[in-house]
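An overview of the molecular structure
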Amino acid sequence: MTQTTPRTTTCTTSQATPRTTLTRAGRSVRRRRARRSLAAATAAVVTALAAAPAFAASEPRPVPVPVPVPVQQTIGRGTLLGVTPVGALSRTEVTAFLKGAGIDASTARHGVRGYRLTYRTLTPQGAPTTATGLLVLPQGGERRLDLVADTHGTMVHRDYAPSVAEDFGLYAPYLHAAAGRAVAAPDYLGLGKGPGFHPYMDTASSVSASLDMLRASRTAAAALGRPLTGDVYGTGFSQGGQVAMALGRELARGADRHFRLRALAPVAGPYDLRGAEVPALLDGRVNDISGVFYMAYFLTAQNRLHPVYADPAEAFRQPYAGYVEQLFDTRHTEEDIVTKLPGSVKELLTDDFRERLGHPTGGLLAAIKAQDGTCDWKPDVPVRLHTAAGDTDVVIANSVSCAADLARNGVRAPVIDHGKADHNGSFKLAGPQIVRWFDRLARG
């Protein structure tokens, strides 16, 4: 249960995310020009790829990319289907973009080029599907690039996702790419240009979509003349902090021989739903507006995967039970949703269901347990857990619990507390520190 959106700091009433100093109109014109030049340059060095997906006529066409992989991989997970240039910023523009959001941009050494990747992956049920994500490459620097796996936080509208975002979804990818690394930022399932609903807080499918995004990024980066070294630095914010830990575990277990995990630095992840986040939602440590938003999103999404309730009226009070599921169709904005829900979790949920949350059983317990335990393993790489005591969206107890899980496995992971910062503020403070830490680790 996490929150990062391009429109507001959280779904709370706390201070709004500062707008970038680059205007929306100015960025749009510059991106249209960049897309034309990028498409022409890229098309000159790549060849046709069969089965490239169709896009709306008003969008830049996907650039075909050759796939020099064994035949058995051409229809498998992580297969690259299309590359669409989505923008380019100079170093000066990246710096202004980040500073406009209140983020320290002193680590920006390069301009950046972004590409939307479309690739094959799996649904939560294991069926074939497609997903999209953002690959960002630095302009200049080393030819062979280390890769940052950056997993985003809660996004309710599909156009908030990194490959289609204009604001918050781009901050972390641009921050890391401007420092000289490639960045793979998956949209997850059902967001960006991916089909269907988003299975919110389904850790397994978020990890599989993220891992397959790394594979697609490897193919695309090579075709674009910037091959990857195989070293992966994992980070993510909010929901993405939890995904980053779970993705790191899969990489450490050898999920793909082409990638080597080098470090993990998640920010404000909900690593312990049962022991930390759900109790905080019920006792008021999570602010009311965010609590209502997260709870409604989590329950409606998880009910598609687990038998959480047979009828919405079992969980939600009226009139919300009559329409709450329709609000989370990836087409409603966060602002629209919060105006249609009550002001507190107590007003949202029935008394019986609130009691169940405190003592979950059956499908509800299965839904919660499926997301917990992402820190219960033994990384053989450095780990830092960023958080903030002032965060009233994902409480600091989550990071303390994660550190305790790691400690039980013999790993000391410092919890870095950014003090009074709110949820999005914790990312803005942590992001530049993580870039510098990755720099030091890369230098050996």
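Everything here concerns the structure above.
To start, this report covers the structure provided alongside it. (Residues numbered from 1 in each chain as written. Predicted model: local features only at pLDDT ≥ 70, side-chain atom pairs only at ≥ 80, totals over all residues. Heavy atoms only, no water.)

**Quick word on the packing of helix α4 (residues 203-223) against helix α5 (residues 239-252)**
Where α4 meets α5, the axes come as close as 9 Å, and the angle between the chain directions of the two elements is 65°. By the angle class used here, α4 and α5 are roughly perpendicular. Here α4 and α5 pass one another in a crossing that is right-handed. Along the contact surface, α4 presents Thr203, Ser206, Val207, Ser210, Leu211 and Leu214, while α5 presents Gln239, Gln242, Val243, Ala246, Leu247, Glu250 and Leu251. For the contact of α4 with α5, the per-class residue count stands at seven nonpolar, five polar and one charged. (Axes fitted to C-alpha atoms, helices over the stretch in contact; angles between N-to-C directions. Helix = DSSP H or I, 4+ residues; strand = E, 2+ residues; numbered from the N terminus. Parallel < 35°, antiparallel > 145°, perpendicular 65-115°, else oblique. Left-handed = near helix turned anticlockwise from the far one by under 90°. Contact = heavy atoms within 4.5 Å. Nonpolar A, V, L, I, M, F, W, Y, C, P; charged D, E, K, R; others polar.)

**Observations concerning the nonpolar core**
One broad rule of soluble globular proteins: the nonpolar side chains tend to lie buried together. By size, the foremost hydrophobic cluster in this structure holds 45 residues, and its most contacted members are Leu117, Leu147, Leu214, Met245, Leu251, Leu385 and Leu406. It is α4 that provides the largest number of residues to this core, a total of eight residues. (Core = buried A, V, L, I, M, F, W, Y, C linked by side-chain atoms within 4.5 Å. Buried < 20%, exposed > 50% of the residue type's maximum accessible area, 1.4 Å probe, protein only.)

**Notes on the state of the cysteines**
On inspection of all chains with the given rule, the structure shows one disulfide. Each sulfur of the disulfide joining Cys375 and Cys402 lies 2.0 Å from the other. Here the disulfide of Cys375 and Cys402 is left-handed, its torsion about the S-S bond being about -95°. On the criterion of sequence distance, the pair formed by Cys375 in the loop between α13 (362-369) and β8 (385-387) and Cys402 in helix α14 (residues 397-408) is long-range, its members being 27 residues apart. The two residues Cys375 and Cys402 agree in class, both being buried. (Disulfide = S-S within 2.5 Å.)

**Some thoughts on the environment of Ala222**
Mapped onto the elements of the fold, Ala222 is located in helix α4. By relative accessible area, Ala222 is classed as partly exposed at 46%. Residues Ala222 and Arg144, spaced 78 residues apart in sequence, show a C-alpha to C-alpha distance of 9.0 Å.

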